Amino acid sequence: MGGDRNFVVVGAGLAGAKAVETLRAEGFDGRITLLGEEDRRPYERPSLSKDFLRGAPASWVHPEGYYAENGVELRVGQRAAALDRESRELVLVSGERLPFDRLLLATGATARPLAVPGANRPNVHYLRTMADAEALRSAMDGAERIAVIGGGWIGTEVAASARRLGRSVAFVERRNSPLQTVLGVRMGEVFRELHAENGVAMHMGVTVTEIVDAGVRTDRGLVEADLVVVGVGVRPRVELARAAGLSIEDGIVVNEYLETSSPGIYAAGDVATVRHPLLGRKVRVEHWANALSQGPVAARNMLGRNEVHSEVPFFFSDQYDLGMEFRGVARPSDELVVRGDVAAREFIAFWLSGGRVMAAMNVNVWDAGELLDTLIAQRAEVSGDLLRSASLPSLVRSLAL
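Quick look at the structure, then. (Residues numbered from 1 in each chain as written. Predicted model: local features only at pLDDT ≥ 70, side-chain atom pairs only at ≥ 80, totals over all residues. Heavy atoms only, no water.)

Points about the packing of aromatic side chains
Here is step 1: Under the criterion given, the structure shown has nine aromatic pairs.
Here is step 2: Ring plane angle 85° and centroid distance 6.0 Å describe the contact between Trp288 and Phe316, whose orientation is recorded as edge-to-face. Of this pair, Trp288 sits in helix H7 (residues 288-302) while Phe316 is found in strand E23 (residues 314-319), placing the two residues 28 residues apart along the sequence.
Here is step 3: Taking the centre distance of 5.3 Å and the plane angle of 55° together, the rings of Phe326 and Trp351 count as tilted. Of this pair, Phe326 sits in strand E24 (residues 322-328) while Trp351 sits in strand E26 (residues 346-353), and the two are 25 residues apart along the sequence.
Here is step 4: Taking relative accessible area as the criterion, Trp351 reaches 3% and is therefore assigned buried.
Here is step 5: Each member of the aromatic cluster is reached from another via a ring pair, and the members are Trp153, Phe191, Trp288, Phe314, Phe315 and Phe316.
Here is step 6: Positioned above the aromatic ring of Trp60, the side-chain terminus of Arg41 is 4.1 Å from the ring centre. (Phe/Tyr/Trp six-rings, centres within 6.5 Å; stacked < 30°, edge-to-face > 60°. Helix = DSSP H or I, 4+ residues; strand = E, 2+ residues; numbered from the N terminus. Buried < 20%, exposed > 50% of the residue type's maximum accessible area, 1.4 Å probe, protein only. Lys NZ or Arg CZ within 6 Å of the ring centre and 35° of its normal.)

Spelled out as structure tokens, the structure:
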């Protein structure tokens, strides 16, 4: 299958790597080129802020010889400069032109820069790539006091890793709790208390004005630090797609088959904005599991399979003694319902819209994952009282009737 056809994948991250794996597994025997800007083969990112930052080895998507053994031309350290839709060619920075019959854009995202004076100082680090993590790990070896700017997932995980390494850590966040934009005020407080109990100095509700030799200057004073980690979000890498005239809404707009506004060109992973059939709206998901599922779906659709991407978005995090899994997509206006013991950090939180479960987070509860997926996927109406008290298996069975 495929013969003399050329399939090109731009972005050698998880989505791109799983796409080329799927193409070969599905029997495609044409030419496959996997193009990556970084100087190494595809790896998995979740450990970068966790185990890898604490000294564990890298987690590679495939063994070193996989790509050559499967006839995939892996080209690392190379960047696409332009996409010529009319001639169906990808133009590299070197000037080389790669023809394609099908193209997958898995260009990912880049760390959002902090726009204050001093943000480019040598002791300021971001964490997005393995090279970033290696540089940060080395810098942490010689640091005593670390300030983390930004209370998202990267910031909270880096703070937890630094504390486990015995470093003094301070959080600097403009909202009143970490993860507030994702989880809301009440669940954000769970993580605020978690970090405070583990010795992190919490500077919440402050605005960073400058980074100086002595640390981070805020509108409420100086937070002393000799190393600063910035985690204030990411930006999808849409420059190539935008210049080529593809539809952009936050990320690259794709349909339910992950095909862009240009037939034969697909997008997957952090960069893709897709209308999700279960959620009923467009979403762009920046998590590992999304890349893991979208890469194979895009690959099969490049082969003409017409497979709808309908996976419930999923994310996990481990911080100190708290392990959690998050499913779905929540909005600040959603109703929050909690079952279990929040104080003991063993509970499940649900986010409801119109009586339907849109998202769920299980914290130190490990037997509910599939049931929570089903609750979200069924889009059945359910009361908060039932979610708090009913047996989840029986509840799911009753909703299926």
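Overview of the environment of Thr129
Here is step 1: By the secondary structure assignment, Thr129 is in the loop between strand E9 (124-126) and helix H3 (130-141).
Here is step 2: Overall, Thr129 belongs to the buried group, its relative accessible area being 19%.
Here is step 3: Separated by 194 residues in the primary sequence, Thr129 and Gly323 have C-alpha atoms spaced 23 Å apart.
Here is step 4: Excluding residues that lie within four positions of it along the chain, Thr129 makes contacts with Glu38, Tyr43, Arg45 and Leu48. (Contact = heavy atoms within 4.5 Å.)

With respect to helix H8 (residues 369-378)
Here is step 1: Turning to H8, its buried residues number three or more, namely Gly369, Leu372, Leu375 and Ile376. Burial along H8 is one-sided: seen end-on, the buried residues are contained in an arc of 125°.
Here is step 2: Among the residues trailing H8, Arg379 stands out with phi positive, at a value near 55°. (Arc of directions from axis to C-beta.)

With respect to the environment of Gly150
Here is step 1: Mapped onto the elements, Gly150 comes out in the loop between strand E10 (145-149) and helix H4 (153-164).
Here is step 2: Dropping the residues within four chain positions of it, Gly150 is found in contact with Gly155, Phe171, Val172, Glu173, Gly231 and Val232.

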